[in-house]
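Take a look at the letters that make up each chain.
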Amino acid sequence: MDEARKIVNDIKKGDIKPIYFLMGEETFYIDGISNYIADNLLSEEEKGFNQMTLYGRDTNIEEIVSNAKRYPMMAERQVIIVKEAQDLSRTIEKLADYAENPQPTTVLVMCYKYKKIDKRRKLHKTIAKTGLIFESKRLYENQVGDWIMKTMKSRGYSISPKASQMLVEFLGTDLGKIDNELQKLQLICKKETLISPEIIEENIGISKDFNNFELRKAIGERDTLKAHRIINYFAQNPKDNPLVVTISLLFSYFSQILQYHGLNDKSKGAVSKQLKISPYFVGDYITAARNFPMKKVSKVISDLHETDVKSKGVGAANVSQGDLLKELLVKIMN
């Protein structure tokens, strides 16, 4: 996030590179940087003759280089954006020769999504000297909540940790999808508004009380009544609450509790770092570890594995997902 912002700020200051090679698993920042360049480097009058968008599946390195070597028409520079450049992965090294001596009046943007080029090869080394290489790494699930909070803060809003976690559990780690929902919230809410779980529930359709986050919290606190209420809700709404997702999240949760038991340093900072969780939720894990000793945690992980196998039809062909979940909860809480 900080690196992407620095690239945009440098462009605003006039520090413009002849080549931007944007690569990596997380496409949100690749799109953000390339869109900023497409929208802001040239005036609307200049774009007609001096801005070109190519697609990896429809072009080749020779065509890209040929266009990059052209001179701009009645403008200081031209912009060439190659989208889906990963489709050129087999021949991408051919770009190294151009990268050694790029046309100074051309800004070539390569959007190389889901992959990255080898740092040991000539292309990477050359662009690192004459242009800019940006690797957009996918965030881990435990990092996305903090990303949401920082993003909203930068836009003049705030969001509660629970509301942020609700978005992560509902939308996953796709920053583009999350950002679309955040922009909807910005249209609805005034600046400086605290985005609460109630606002998320009302406008995005995620239940603030019946979700996997609340289920894990209830189990960790050994609040059997609340956990059963959530499980019953899941059983009545299986399409919105698939068993495979719940099992996966519970497995991750209890794996972290098991890891907590093995920590020598159980200070808040150490726990947050080692378990890769937000500091806001460290207390929940401390409570869960107190309620679930290491031996019990190991048994729960075994029960989760057994339920996962049954959910795939092995040994429980006619059992509903709701009944499997209820059976699992009984095992966990006993």
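It should be emphasised that the depicted structure is a prediction, and the values quoted were computed from it without experimental measurement. (Residues numbered from 1 in each chain as written. Predicted model: local features only at pLDDT ≥ 70, side-chain atom pairs only at ≥ 80, totals over all residues. Heavy atoms only, no water.)

Caption draft 1: Focus on the side chain of K47. Topologically, K47 is positioned in helix α3 (residues 44-50). Among the polar contacts listed, one links the side chain of K47 to the backbone oxygen of A38, at a separation of 3.3 Å. If sequence neighbours within four positions are ignored, K47 has contacts with A38, D39 and L42. (Helix = DSSP H or I, 4+ residues; strand = E, 2+ residues; numbered from the N terminus. Polar contact = N/O pair within 3.5 Å; in protein donor to acceptor, adjacent residues only side chain to side chain. Contact = heavy atoms within 4.5 Å.)

Caption draft 2: Local environment of the pattern of salt bridges. The tally for this structure, following the rule as stated, stands at 27 salt bridges. Between R155 and D179 there is a salt bridge, with the nearest N and O atoms lying 2.6 Å from each other. Here D179 lies in helix α9 (residues 175-188) and R155 lies in the loop between α7 (141-154) and β6 (158-159), a separation of 24 residues in the sequence. Assessed through its relative accessible area of 6%, D179 is described here as buried. Where E181 meets K184, a salt bridge forms, and the shortest distance between an N and an O atom there is 3.3 Å. With E181 and K184 both in helix α9 and 3 residues apart, this pair spans about one turn of that helix. Accessibility expressed as a relative area gives 15% for E181, which makes it buried. (Salt bridge = Lys/Arg side-chain N within 4 Å of Asp/Glu carboxyl O. Buried < 20%, exposed > 50% of the residue type's maximum accessible area, 1.4 Å probe, protein only.)

Caption draft 3: Quick look at the sheet that holds strand β3 (residues 78-83). If you walk across this open sheet you meet the 5 strands as β2-β3-β4-β1-β5, and the pairing is parallel. At either end of the open sheet lies a strand with only one pairing partner, and these are β2 (51-55) and β5 (132-135). Ignoring strand direction, the axes of neighbouring strands in this sheet form an average angle of 15 degrees. Pairing geometry for strand β1 (residues 19-24) and β5, over 4 bridges, is parallel. Each bridged residue has a counterpart across the sheet, and for Y20 the counterpart in β5 is L132. Sheet strands in contact with helix α2 (residues 27-40) are β1, β2, β3, β4 (106-113) and β5, and its direction is about 160 degrees off that of β4. (Pairing = 2+ DSSP bridges. Axes fitted to C-alpha atoms, helices over the stretch in contact; angles between N-to-C directions.)

Caption draft 4: A look at helix α6 (residues 122-130). Listed as buried for α6 are L123, H124, T126 and I127. One side of α6 carries all its buried residues, which in axial view fall inside an arc of 170 degrees. Buried-residue contacts for α6 involve β1, α5 (95-100) and β5. (Arc of directions from axis to C-beta.)

Caption draft 5: Examining the packing of helix α13 (residues 243-261) against helix α16 (residues 294-311) more closely. Their axes nearest at 10 Å, the elements α13 and α16 cross at an angle of 160 degrees. Regarding the angle of α13 to α16, the classification is roughly antiparallel. The handedness of the crossing between α13 and α16 comes out as left-handed. Facing α13, whose interface residues are L243, I247, L250, F251, F254, S255, I257, L258 and H261, α16 presents M294, V297, S298, V300, I301, L304, T307, D308 and S311. Partitioned by chemical class, the residues of the contact of α13 with α16 number 12 nonpolar, 5 polar and 1 charged. (Parallel < 35°, antiparallel > 145°, perpendicular 65-115°, else oblique. Left-handed = near helix turned anticlockwise from the far one by under 90°. Nonpolar A, V, L, I, M, F, W, Y, C, P; charged D, E, K, R; others polar.)

Caption draft 6: Here's a closer look at the pairing of β4. Counting buried positions over the 8 residues of β4 gives 8, a clear majority of the element. Of the two faces of β4, the one lined by T106, L108, M110 and Y112 and the one lined by V107, V109, C111 and K113 are each fully buried. Bridge analysis of β1 against β4 gives 6 bridges, and the strand direction is parallel. Its bridge partner lying in β4, Y20 is registered against V109.

Caption draft 7: Looking closely at a nonpolar patch on the surface. Taken together, the side chains of F49, M73 and M74 present a nonpolar region at the surface, about 380 Å² in accessible area. Along the chain, M73 turns up in the loop between α4 (61-68) and β3. Here M73 falls in the partly exposed class, since its relative accessible area comes to 41%. (Patch = residues over 30% accessible without salt bridge, like charges linked within 9 Å, V, L, I, M, F, W, Y side chains within 5 Å. Areas by Shrake-Rupley, 256 points an atom, 1.4 Å probe, with all protein chains shown as cover.)

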